[in-house]
Amino acid sequence: MKVSKNRICSLILLGFFLIISIGNVIIQLSCILFFGLAMILFKGINRNKNFNIFYLSLMTMSILQVFLFYRNDYSIAYLLNTLLITLMWFLAYLAHNFIVNSSKILQIESIEKILNTFFTLNVLLVVVEYIVVCFRAESIFPFGVEGFGMSTGDYLRGFFANSSVNMVIMAFFATYYYYQMKTIKTAFAIVIMILTTYMSGIILALAVVAIYGFFMFSFKNKIKILLAIVVGIYSFSIISPENVKYVKAVFNEKINSKTDPARKIVSFEQTASNFVSSTSSFLLGEGGGKFSSRTAYLTGGEYVSWYPKDLIYRSEKFENNHFQLWNNKALSIAYRDGTANQPFSFYNKIVGEYGLIGILLFLVYISYFLKNRRYLTYGKLILPLMLGFFVLDYWFEYFTVILFFELFMLLDIKKNQQLEQISTIDNQFEIIKDDEI
């Protein structure tokens with residue numbers, strides 16, 4: 001039986017998503033290298049100027065640090081830090097190019113089928129994970145069991161490296177299915193979002209949806225969204241009251257505290273202060289991996305246990321700023337590891353490590369979606385959701401979140417462009433018929 005080219009490409013894209021979503025870093029990076037290089041070999045590099053300028057410029061800015069021999073901290077450890085951040089951008093670009101080209105090769109129906117299949121498999125896996133947690137907790141409701149409680153959601157990762165990634169991507173799926181009026185799938189996506197108990201992500205998503213709904217939706221849909229938010233908050237307070245107490249504590253104590261504020265807020269203050277500290281910091285930042293990024297923490301020596309101690313590298317700016325907010329000493333105090341205290345944020349990364357140039361490059365990246373906004377439906381909500389989620393982590397260094405984001409956005413644009421073309425052809429056909437009559 002002959003298998004069509006479209007069918008093969010569909011299976012490859014589905015397999016790609018399944019493999020890169022898992023938590024094993026070696027498997028994930030190997031997958032990106034293999035599929036990414038294969039795509040360049042057979043299909044080449046996509047010609048989207050906005051995307052290429054963003055990814056390739058940041059990769060170039062990172063690798064150029066290799067040649068800065070005049071730095072006082074230039075060493076083997078410095079060199080490895082620079083090569084790692086460059087490799088990160090290289091892999092991010094390979095994965096991005098794979099997604100862009102796949103979105104062009106595959107038919108819309110095939111991409112939608114891939115997303116539906118992935119979603120279904122992820123839901124089933126979360127159900128299995130929940131059952132396992134129930135057996136371990138010896139309760140059908142582990143959220144209220146001592147030893148699980150607030151951490152129950154951490155076990156509900158689905159295919160992903162952690163539950164926070166699961167929550168963010170389920171937010172995309174919930175938006176996608178809501179606009180398609182698929183109520184059951186929307187409900188499943190929202191339930192999984194809540195069960196992950198990723199509080200910062202859930203609150204951000206609710207805030208973005210509420211603000212977006214107020215300005216964009218009809219009165220009827222505003223009421224629906226308001227009721228859904230109320231029901232969601234009430235349900236969450238029943239499912240995990242400890243998480244609700246934690247959120248209240250953060251808002252009441254940490255955000256307004258003068259002596260012990262939320263370290264996430266402190267991180268933004270440090271980034272803003274460093275941004276205007278010198279001309280080079282303002283224009284170019286401190287360099288990739290040198291101020292605030294997953295790479296900076298990785299080579300910093302206390303983020304993971306497996307990194308070689310003799311290759312530990314921390315730039316002076318990282319050492320004196322964000323490293324002080326997230327290290328073994330800071331985490332030795334109980335209940336200090338929540339998202340409100342995590343200095344991780346893509347905005348800290350792009351501003352602190354690449355300065356004004358980095359900000360402009362990010363605007364170039366986002367401008368592609370903005371200039372195609374007339375072709376967006378669910379993408380009009382997914383975009384502000386992603387901009388909100390950028391507050392929470394270094395998502396470009398996790399790959400998965402960005403790839404799902406880009407695929408959803410590109411699919412939305414492609415589908416509505418085709419619908420517009422069909423509509424134009426139909427109108428022209430009607431005009432011809434009228435002329436003949």
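Presented here is an overview of the structure given in this document.

Parameters at a glance
- Residues numbered from 1 in each chain as written.
- Predicted model: local features only at pLDDT ≥ 70, side-chain atom pairs only at ≥ 80, totals over all residues.
- Heavy atoms only, no water.
- Helix = DSSP H or I, 4+ residues; strand = E, 2+ residues; numbered from the N terminus.
- Buried < 20%, exposed > 50% of the residue type's maximum accessible area, 1.4 Å probe, protein only.
- Contact = heavy atoms within 4.5 Å.
- Areas by Shrake-Rupley, 256 points an atom, 1.4 Å probe, with all protein chains shown as cover.
- Expected span 1.5 Å × (residues − 1).
- Core = buried A, V, L, I, M, F, W, Y, C linked by side-chain atoms within 4.5 Å.
- Patch = residues over 30% accessible without salt bridge, like charges linked within 9 Å, V, L, I, M, F, W, Y side chains within 5 Å.
- Salt bridge = Lys/Arg side-chain N within 4 Å of Asp/Glu carboxyl O.
- Lys, Arg positive; Asp, Glu negative; His and termini not counted.
- Charge placed at Lys NZ, Arg CZ, Asp CG, Glu CD.
- Axes fitted to C-alpha atoms, helices over the stretch in contact; angles between N-to-C directions.
- Parallel < 35°, antiparallel > 145°, perpendicular 65-115°, else oblique.
- Left-handed = near helix turned anticlockwise from the far one by under 90°.
- Polar contact = N/O pair within 3.5 Å; in protein donor to acceptor, adjacent residues only side chain to side chain.
- Phe/Tyr/Trp six-rings, centres within 6.5 Å; stacked < 30°, edge-to-face > 60°.
- Lys NZ or Arg CZ within 6 Å of the ring centre and 35° of its normal.

Turning next to the overall build of the protein. Regarding its fold elements, the protein presents 18 helices and zero strands. By the burial criterion, 50% of the 437 residues in the protein qualify as buried. The contacts in the protein between residues at least 6 apart in sequence include a share of 75% that link residues at least 24 apart. Taken as a whole, the protein presents about 21,700 Å² of accessible surface, with 67% of it coming from carbon and sulfur.

The subject of this paragraph is helix H1 (residues 5–21). Helix length check: H1 (17 residues) gives 24 Å between terminal C-alpha atoms against 24 Å at 1.5 Å per residue, within 8%. Among all positions of H1, only Ser10, Leu13, Leu14, Gly15, Phe16, Phe17, Ile20 and Ser21 are buried.

Among soluble globular proteins, nonpolar side chains are generally buried collectively. Judged by nonpolar contacts, the single largest core of 100 residues is most densely connected at Trp89, Phe173, Tyr365, Phe389 and Trp395. Every residue in contact with Phe389, bar those within four places of it in the chain, is listed here: Met167, Val168, Ala171, Phe172, Gly201, Leu204, Ala205 and Trp395. If you look at the next biggest cluster of nonpolar residues, it comprises seven residues, including Tyr297, Phe318, Phe344 and Tyr394.

The subject of this paragraph is unusual backbone geometry. Peptide bonds are trans in most cases, and residues, glycine excluded, mostly fall at negative phi. For Met181, which is not a glycine, the phi torsion comes out positive at approximately 60 degrees. Structurally, Met181 can be placed in the loop between helix H6 (163–179) and helix H7 (183–195). Even without being glycine, Thr197 reaches a positive phi, approximately 50 degrees.

Turning next to the environment of Ile32. With respect to the helices and strands, Ile32 occurs in helix H2 (residues 25–43). Each C-alpha atom, one on Ile32 and one on Ala95, is 5.7 Å from the other, the two residues being 63 residues apart in sequence. Once residues within four sequence positions are removed from consideration, Ile32 is found in contact with Phe16, Ile20, Leu37, Leu91, Leu94, Ala95 and Phe399.

Together, Val276, Phe282, Leu283, Leu284, Ile357, Leu360 and Leu363 make up a nonpolar patch on the protein surface, roughly 600 Å² of accessible area in all. Those elements that place two or more of their residues in the nonpolar patch are helix H12 (279–284) and helix H16 (346–371). Residue placement: Leu360 occurs in helix H16. By relative accessible area, Leu360 is classed as partly exposed at 43%.

Two side chains of opposite charge can pair, provided their charged atoms sit close to one another. Enumeration over the complete set of coordinates arrives at eight salt bridges. The salt bridge partner of Arg314 is Glu319, with a shortest N-O separation of 3.2 Å. A relative accessible area of 26% means that Glu319 is categorised as partly exposed. A salt bridge links Lys349 to Glu397; the shortest N-O distance between them is 3.3 Å. Of this pair, Lys349 sits in helix H16 while Glu397 sits in the loop between helix H17 (379–389) and helix H18 (400–436); the two residues are 48 residues apart in sequence, bridging distant segments of the chain. Taken together, the shared-partner salt bridges in this structure form one network comprising Glu302, Arg314 and Glu319.

With that settled, consider helix H5 (residues 108–137). When the terminal C-alpha atoms of H5 are compared, their 43 Å separation across 30 residues agrees well with the 44 Å that a helix rising 1.5 Å per residue should span. Positive backbone phi, approximately 55 degrees, marks Glu138, located one or two places after H5.

Turning next to the environment of Tyr354. Counting through the fold element by element, Tyr354 comes out in helix H16. Tyr354 sits in the buried class, given a relative accessible area of 1%. The spacing of Tyr354 and Leu283 is 71 residues in sequence and 7.5 Å in space, taken between C-alpha atoms. Not counting residues within four places of it along the chain, the set of residues in contact with Tyr354 comprises Leu58, Met61, Ser62, Ile85, Trp89, Leu283, Leu284, Gly285, Gly288 and Lys349.

With that out of the way, let us pick up a positive patch on the surface. Among the surface-exposed residues, Lys5, Lys43, Arg47 and Lys104 lie close enough to one another that they form a single positively charged patch. Within the secondary structure layout, Arg47 lies in the loop between H2 and helix H3 (49–63). What makes Arg47 exposed here is its relative accessible area of 78%.

The next subject is the packing of H3 against H16. Following both chains from N to C, one finds H3 and H16 inclined at 165 degrees, their axes separated by 8 Å at the closest point. What the angle tells us is that H3 and H16 run roughly antiparallel. For the pair H3 and H16, the sense of crossing is right-handed. Contacts between H3 and H16 involve Asn50, Phe51, Ile53, Phe54, Tyr55, Ser57, Leu58, Met61 and Ser62 from the first element and Phe346, Ile350, Tyr354, Ile357, Leu361, Phe362, Val364, Tyr365, Ser367, Tyr368, Phe369 and Lys371 from the second.

In this structure, Ser163 sits in helix H6. When near neighbours in sequence (up to four residues on either side) are disregarded, Ser163 contacts Gly153, Asp154, Leu156, Arg157 and Thr196.

With that out of the way, let us pick up the side chain of Ser21. Among the secondary structure elements, Ser21 is positioned in helix H1. A distance of 2.5 Å separates a polar atom in the side chain of Ser21 from the backbone oxygen of Phe17. Excluding anything up to four places from it in sequence, Ser21 contacts Phe118, Phe159, Phe160, Ala161, Thr400 and Phe404.

Throughout the structure, instances matching the rule amount to 63 aromatic pairs. Considering the side-chain rings of Tyr178 and Tyr179, the 5.9 Å spacing of their centres and the 85 degrees angle between planes classify their relative orientation as edge-to-face. A relative accessible area of 32% places Tyr178 in the partly exposed class. Given the relative accessible area of 26%, Tyr179 is considered partly exposed. Its end group placed over the ring of Tyr78, Lys290 keeps NZ or CZ at 4.8 Å from the ring centre. Residue placement shows Arg294 over the ring face of Tyr398; its charged tip is 4.1 Å from the ring centre.

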